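What the coordinates show
Each chain, letter by letter, is given below.
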Amino acid sequence: MFSLVKKCDNIVEKIATWLLVICVMSMLIFSSLSIVARWFHHNITWIDPFVRHLVFIGTFLGGVVATGKGTHIGIDIVGKFVESKGWHSAKTAISRIIMVSSMFVLLWLIKSGVDFTRVEMEFSKEEFWGIGSGYLVMIIPIGLAFLLVRFFLVFLLSFEAKKEGAL
Amino acid sequence: AIKVGVLAPEGTGWAKNIKKMATEIKDATKGNVELKIYYGGSQGDEQDVLRKIRIGQLQGGIFTGKTLGEINGDVRVMEVPFTFNHDRVKALKTLEAMTPFFNQKFEQNKFKNLATFEIGHVYFVTQKKVQDLNSIKSLKIWTWDGDPIVATLFESMNLIGVPLALPDVLASLSTGVVEAAYAPPIGIIALQWNTKVKYIVDFPISYSIGAFVITNSAWANISPADQKIVSDIAKKYEKEINSGNAKDNDDAMAAIKSQKIEFVKFSDSEIKVAQGYRATMIKKLTGKLFSAEALKKLEAEMAKK
Amino acid sequence: MTGTVAALGIVFLAILGTPLFIIMSLAALVAFTFSGVEVSAVAQEFYRISSAPTLMTIPLFTFAGYLMAESKSPQRLLKLAETGLGWLPGGISIVALVVCAFFTAFTGASGVTIIALGGLIYPILMRDGYSEKYTLGMITASGSLGLLFPPSLPIILYGMVAKVDIDKLFKAGIVPGIVIMVVLSFWAVYNSPKHTGEKTNKFILKDFVAALKEAWLEALLPVAVLVGIYGGIVTVTEAAAFTALYIFIVEVFIYKDLDLFKDIPRVIVDSMSLVGGILLILCCALGFTNFLVDEEVPLKIFALMKEFLHDKYSFLLFLNIFLLIVGCLMDIFSAIIVVVPLIIPIANDFGVDPIHLAIIFLANLEIGYLTPPVGINLFIGSFRFNKPITTLYRASVPFLVLLIIALIIITYVPSLSLFWFK
Ligand code: NA
Ligand code: NA
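As recorded by UniProt, the Sequence similarities (unreviewed entry) comment attached to chain A reads in full: "Belongs to the TRAP transporter small permease family." Reading the Subcellular location (unreviewed entry) entry of the UniProt record for chain A gives the comment "Cell inner membrane".

On to the overall build of chain A. For chain A, the count of helices and strands is six helices and two strands. Taken from N to C terminus, the helices and strands of chain A fall in the order α-α-α-α-β-β-α-α. Here the C-alpha radius of gyration of chain A, 20 Å, is well above what a compact globule of 167 residues would show, namely 15 Å. Residues counted as buried form 53% of the 167 residues belonging to chain A. For chain A, contacts bridging at least 24 residues in sequence account for 71% of all contacts bridging at least 6. Distance between charge centres in chain A, computed from 16 positive and 12 negative side chains, equals 9 Å.

What follows covers the interface of chain C and chain B. Taken residue by residue, the interface counts 37 residues in chain C and 34 residues in chain B. Between chain C and chain B, roughly 2,700 Å² of surface is buried when both sides are summed, and carbon and sulfur atoms account for 55% of that area. On the chain C side of the contact with chain B, C:Gln44, C:Met160 and C:Asp294 bury the most area, a combined 20% of that side's loss. At the boundary of chain C and chain B, one finds five salt bridges. Elements supplying a minimum of two residues to the side of chain C that touches chain B: helix H3 (40–48), helix H9 (153–162), helix H10 (166–190), helix H12 (221–230), helix H14 (264–294) and helix H17 (332–349) of chain C. Its residues placed into classes, the side of chain C that touches chain B shows 21 nonpolar, eight polar and eight charged.

Another point: the confidence of the model for chain B. This prediction gives chain B a mean pLDDT of 90; 100% of its residues lie at or above 70. The complex model carries a pTM of 0.86, and its ipTM stands at 0.86.

A cluster of nonpolar side chains, contributed by A:Val36, A:Trp39, A:Phe40, C:Leu212, C:Trp216, C:Leu220, C:Val223, C:Val227 and C:Ile233, occupies part of the molecular surface with about 840 Å² of accessible area. Listed by contribution, the elements that provide at least two residues to the nonpolar patch are helix H1 (2–39) of chain A together with helix H11 (205–219) and H12 of chain C. Within the secondary structure layout, C:Trp216 lies in helix H11. Residue classification places C:Trp216 among the partly exposed residues on the basis of a relative accessible area of 44%.

Turning our eyes to something else, we now look at the interface of chain C and chain A. Taken residue by residue, the interface counts 59 residues in chain C and 57 residues in chain A. Summed over the shared surface of chain C and chain A, the number is one salt bridge. Between A:Lys69 and C:Asp270 there is a salt bridge, with the nearest N and O atoms lying 3.3 Å from each other. Our count for the contact surface shared by chain C and chain A stands at six residue pairs in polar contact (both at pLDDT 80 or more). Among the elements of the structure, helix H1 (2–16), helix H2 (20–34), H3, helix H4 (57–70), helix H13 (238–254), H14, helix H19 (376–385) and helix H20 (389–412) of chain C are those that each provide at least two residues to the side of chain C that touches chain A. Tallying contributions element by element places H14(C) first for the side of chain C that touches chain A, with twelve residues. Here the residues of the side of chain C that touches chain A are counted per class, giving 46 nonpolar, eleven polar and two charged.

Attention now goes to the packing of aromatic side chains. Scanning all chains against the criterion turns up 35 aromatic pairs over all chains. Centroid distance B:Trp142 to B:Trp144: 6.0 Å. Interplanar angle 45°. Geometry classified as tilted. B:Trp144 gets classed as partly exposed once you look at its relative accessible area, which sits at 42%. Here the aromatic cluster, defined as three or more aromatic residues joined through ring pairs, consists of A:Phe30, A:Trp46, A:Phe50, A:Phe128 and A:Trp129. In this structure, A:Arg96 packs its charged tip against the face of A:Phe159, placed 3.9 Å from the ring centre.

We now examine the packing of H10(C) against H20(C). Residue and element names in this part refer to chain C. Contact geometry for H10 and H20: axes closest at 9 Å, N-to-C directions at 145°. In this structure, the crossing between H10 and H20 has a hand that is right-handed. Contact residues: H10 offers Pro 176, Val 179, Ile 180, Val 183, Leu 184 and Trp 187, while H20 offers Pro 398, Phe 399, Leu 402, Leu 403, Ala 406, Ile 409 and Ile 410. Counted by class, the contact of H10 with H20 contains 13 nonpolar, no polar and no charged residues.

Here we take up unusual backbone geometry. In the Ramachandran plot, B:Lys30 falls in the positive-phi region, its phi being about 55° despite a non-glycine side chain. Mapped onto the secondary structure, B:Lys30 falls in the loop between helix H1 (13–28) and strand S2 (35–38). Backbone geometry places C:Glu296, a non-glycine residue, at a positive phi of 55°. With respect to the helices, strands and loops of the structure, C:Glu296 is situated in the loop between H14 and helix H15 (297–306).

All names here are of chain C. With their axes 11 Å apart at the nearest point, H14 and H19 run at an angle of 160° to one another. Comparing their axes, H19 and H14 come out roughly antiparallel. Seen from above, H14 lies across H19 with right-handed handedness. Residues Ser 273, Leu 274, Gly 277, Ile 278 and Ile 281 of H14 lie in contact with H19, whose contacting residues are Ile 376, Ile 380, Phe 383 and Arg 384. Per-class residue counts for the contact of H14 with H19 are six nonpolar, two polar and one charged.

Mapped onto the secondary structure, C:Asp294 falls in helix H14. Under the relative-accessibility criterion, C:Asp294 is labelled buried at 0%. The contacts of C:Asp294, once residues within four sequence positions are left out, are B:Lys3, B:Lys36, B:Tyr38, B:Gln43, B:Gln57, B:Leu58, C:Phe32 and C:Val37.

Turning our attention to the nonpolar core. Note that soluble globular proteins tend to have their nonpolar side chains buried in a common cluster. Core analysis: the biggest nonpolar cluster contains 302 residues, and B:Phe82, B:Trp193, C:Phe46, C:Phe63 and C:Phe361 have the highest contact counts within it. Of the residues forming this core, the biggest block, 18 residues, is contributed by H14(C). No fewer than three residues from each of domain 1 (1–36) and domain 2 (37–421) of chain C sit in this core. Ignoring anything within four residues of it in the chain, the contact list for C:Phe46 reads A:Phe56, A:Phe60, A:Leu109, A:Ile140, A:Leu144, C:Cys283 and C:Cys284. With 29 residues, the next largest nonpolar core counts B:Ala22, B:Ala115, B:Ile119 and B:Phe212 among its residues.

A side chain of one charge can pair with a side chain of the opposite charge if their charged atoms are brought near each other. All names here are of chain A. All told, the structure shown has 36 salt bridges over all chains when counted by the stated rule. Among the salt bridges present, the one from Asp 115 reaches Lys 111, with a minimum N-O distance of 2.7 Å. In this pair, Asp 115 and Lys 111 are both assigned in helix H4 (residues 88–122), four residues apart and thus about one turn of the helix distant. According to the relative accessible area criterion, Asp 115 is buried, its value standing at 15%.

Residue and element names in this part refer to chain C. Applying the stated rule across the entire model yields zero disulfides over all chains. A disulfide-free cysteine, Cys 283 has its sulfur positioned 6.2 Å from the sulfur of Cys 284, the nearest such atom. The buried category is assigned to Cys 284, whose relative accessible area is 0%.

This paragraph deals with the pairing of strand S8 (residues 199–215) of chain B. Residue and element names in this part refer to chain B. The buried fraction of S8 is high, at 17 of 17 residues. Pairing of strand S3 (residues 60–64) with S8, which is carried by five bridges, proceeds in the antiparallel orientation. Within S8, the residue paired with Gly 60 across the bridge is Ile 214. Sheet topology places strand S4 (residues 111–126) next to S8; 13 bridges connect them, and they run antiparallel. Of the residues in S8, the one forming a bridge with Phe 124 is Val 201. One ladder, built from three bridges, connects S8 with strand S9 (residues 262–264); its direction is parallel. Bridge assignment links Tyr 199 to a residue of S9, and that residue is Glu 262.

About the cut-offs
Residues numbered from 1 in each chain as written. Chains lettered and ligands numbered in written order. Predicted model: local features only at pLDDT ≥ 70, side-chain atom pairs only at ≥ 80, totals over all residues. Heavy atoms only, no water. UniProt positions renumbered as here; feature names shortened; annotations may be inferred. Helix = DSSP H or I, 4+ residues; strand = E, 2+ residues; numbered from the N terminus. Rg over C-alpha atoms; globule rule 2.2 N^0.38 Å. Buried < 20%, exposed > 50% of the residue type's maximum accessible area, 1.4 Å probe, protein only. Contact = heavy atoms within 4.5 Å. Lys, Arg positive; Asp, Glu negative; His and termini not counted. Charge placed at Lys NZ, Arg CZ, Asp CG, Glu CD. Buried area = accessible area lost by both parts, 1.4 Å probe. Salt bridge = Lys/Arg side-chain N within 4 Å of Asp/Glu carboxyl O. Nonpolar A, V, L, I, M, F, W, Y, C, P; charged D, E, K, R; others polar. pLDDT = per-residue confidence, 0-100. Patch = residues over 30% accessible without salt bridge, like charges linked within 9 Å, V, L, I, M, F, W, Y side chains within 5 Å. Areas by Shrake-Rupley, 256 points an atom, 1.4 Å probe, with all protein chains shown as cover. Polar contact = N/O pair within 3.5 Å; in protein donor to acceptor, adjacent residues only side chain to side chain. Phe/Tyr/Trp six-rings, centres within 6.5 Å; stacked < 30°, edge-to-face > 60°. Lys NZ or Arg CZ within 6 Å of the ring centre and 35° of its normal. Axes fitted to C-alpha atoms, helices over the stretch in contact; angles between N-to-C directions. Left-handed = near helix turned anticlockwise from the far one by under 90°. Parallel < 35°, antiparallel > 145°, perpendicular 65-115°, else oblique. Core = buried A, V, L, I, M, F, W, Y, C linked by side-chain atoms within 4.5 Å. Domains from an automatic or database assignment. Disulfide = S-S within 2.5 Å. Pairing = 2+ DSSP bridges.

Next comes the structure, spelled out in C-alpha cells:
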C-alpha cells in the first residue's frame, strides 16, 4: 500500500521537476531572446505574456515541490515547541491536522478557481498564440489541484510506520 | 451599494467630479442609490475591474475605450487613428450623436451606460525628432499590450513596439530602451513623461474616450423614479467632467509647452498619408472589432456639417 | 460571534504551523464569504500576479542567486573581499550590505534579495567568522536596504500615485538611504570577528590581484548590469534575465563549477520550490489585501485615527506604526496603491512635505517586512536557511531596533530628504 503511494509521490515529484526545468529554461531563453530581438529592431509581442504565464505555472509547480519537501513557510511556533520536547506523537498529530486543513482550504480555493474560470471562459479573449484567457486562468484550478494531490500523498505517507510527518 | 472601480487616483479632477456626482446621487435619491467608489486602481487595473464585475464583486466601472471595447466593440470606431485629426469639437459632437447607438449595444451586453466621456487627443512624445509620419517607424515605441487598435496601428504603419509595464516606461524613456510613447496630455503629465522626452508630435493619433457603466442587474435594482434621478445627475456630470477634462488637457499642453519640449509640426500633406493608413486600419478592423453598421453611422455623422 | 470563532480558528491553525499561503487564503475565503462577495474574487486576485510589473525578476534573480551559491562563487568572492577589505573591520559585511542595497534598488520587492543573495552571502560571512545570529539578521534585514536608491520601482510607482516628481524623489532618497546604510555599517563593525593567527589584516596588492583574476567575471556582474540599464540595453525588469543568463554561462561554461545535466535541474528545482512558496504567499496576500480594500478597512482605520491626531508629530508617529503593520500584511505595490491616496490629504493638512512623506512611507514599509510576528522577510529568511521562525525573530531584533532608529532620524529630520530643494 505505502509502496504504491510512494510510487505515486515519486511520479508527481518527477513531473513537477521536469516541468520546472522546462519552465525555467524557457523563461531564460525567451526573455533573453526578446532583449536581443530589440537590438535588431524586432518586437516579439508574445514573449512577455508567455513568460509571465510560465512564472505563474512555475509558482504552482514550485509549491508542489515545496509541499513534498515540507518547506512551506509558516509560523511554526507550536510545532517547534512540541518537537523540542520530543513529543513525537503530538508532532505527528499536528502535522496531520495541518495537512487536513490545508486540503480543505485547497478544495475551497479550487472551487473559487473553477468559478472564476467558468466566468472567464464566457468572456475569453485572446492573450497570445491564439490562446484565450479562459484557458490561461485554468492554470489556477489545475495548479491548485496538483498541490492538493501532493498534500494528499504526503498525508498518506505520514501513516507509514516510523515516518515522521513531513511538515 | 453599487461598487464602482476607477483608475483615476483620488485628488485628480476626474476623481473630484466623480465624488461630487456620487454625493449628489445619494442625496437626491435619499440614500437609496449609494455609489461606493474605489479610486486609483485599488481594485486593480481596468481589466481587473471588468473581471470583478463579471464575477459579481463590483457592479460598475469607469473605463477607457480599450476596456469598453471588450463589452461593446462598436464604441472603438471613435478611436480609429487619424479620424478626427485636430478637430476636437467635431469629435465630441460625433461622440454625443453616436452615444444612443452605443447604448443599445451596451444594453444587449448587459451594461447600462450612464455617461460617456472624452479623454482627449492622444499624442506621441519622442526622444528623437521626427519629420513626418513615416519616420516614426525608426523609433522604438512603448506599447500597451492587448489593445487591438494599437496592434493594428503598429502593424499597418510598420512600427516597432516595446511592451512594458507602465511603471517601467519612465525609466525606459530616459535610458533609451524606448524612444517614444503615446498618451493624452493629462496622461503625459500624470506619468511624468514630460520630464524625460524632448519632442511632442503635434499631430493627434487618435481621439480617446471613456464611459461610466454599471451592470443591467444593478440598474434594475433601482426604482424607476430613482433611475431617472441617477440618469439626470450622471448626464449633468458628463458635461462637467468633459469640460473639466478639456481644461485639464489644455493646461497639460500648456505645461508641456512651458518646458523645454519642442512641438513638432507635420506638413499638411501628412493628413493625406494618415488618411491612407486609416483606410487600411478600417479594412482590418471592421467586422472584427466594430460592426460595419457602427462605421456607417460614424461616417454619416462625420459627413454632417 | 461566528466571525470571532473563525478568526480564532485561523490564528490557531497559523501558530500550529499551517503554511502561510493556506492561512492567508483561508482568511480571504472566510472574509469574503462573511461579506457576501463571490469567493472567485480570491482566484481572480491570484491571476493578477501574472501581470505584476516585477514578476519575472523573482524566479530569474533567484535562479541566478542559487547558481552562484551552488558554485564555487562564494569562495572566490570571499577571497576577493578578504584580500580587498580584510584590513577594514566589518569590511566584508559592509560590502554585503552595499550589494544587497544595490540589488534591492533593482528588484524593489523585499524578499527577492534574501532569496537571491542570501545563499551567497551566508557562507561568506559565516566563513569569515561572523556569528550565525548576526549573519541571519543581516541577510533578513538586507531586504529593507536600497529601496530608497534609484532606479527603485516602488519610488517610481509612489511618484505616479502621489503625483510627486519622481526625479526629486530619487534625489531625496539618497541621504536617508545612506543613513540606513551607515547605521547598519556601524553594527557590522561592532560585530566583526576578531581575526587571529595567520590571517592577516593588511592589504596586500598581489593577493588582491590574484583573487580578482579568479573572481573577475562574477565581480563584474554589478557593473555589467549598471551599464546594461543605464546604457539603454535592458529595462530594469529585463536585467533579471540578463543576470541569470550571464551567471548561467559563467558558472556552467566558463568556470564549469556546475554540470548542465547533473546540477542544473537540481538548482532549478531548489530555487523554484522557494519561488513557488513565496509567490503562493504573494497570491494569497493579494486575495486578503483585496478583502481589506473591498471593505475599505485602511480608510476606516484612518478615519478613526484622524480624531486622535492633533499635530504633525502625533500624525507621523501614527503613520510609522500604521505602516509597520501594513508592511507586514501587504506587498509593497499594493500598499502604495491602496494606502498612499489615504495619507496624502492628511499629511497635507499637517504640513508634511510630500517628498519627505514619500521617503518616510517607503522606509517604513520596508521595515514592516522585518517586524515579528508576520513580517514576510522573516518567513523568507526562515525558508531560505531552513531555520525556525523563532530563530529569525531573535536574529532580527537588533536590526529592527537599528532600522527603527534610522527611521526616527529620517522621519524627524526632514532636511535629510529635503535639503536639495531649499
Ligand atoms: Na529586496
Ligand atoms: Na514586498
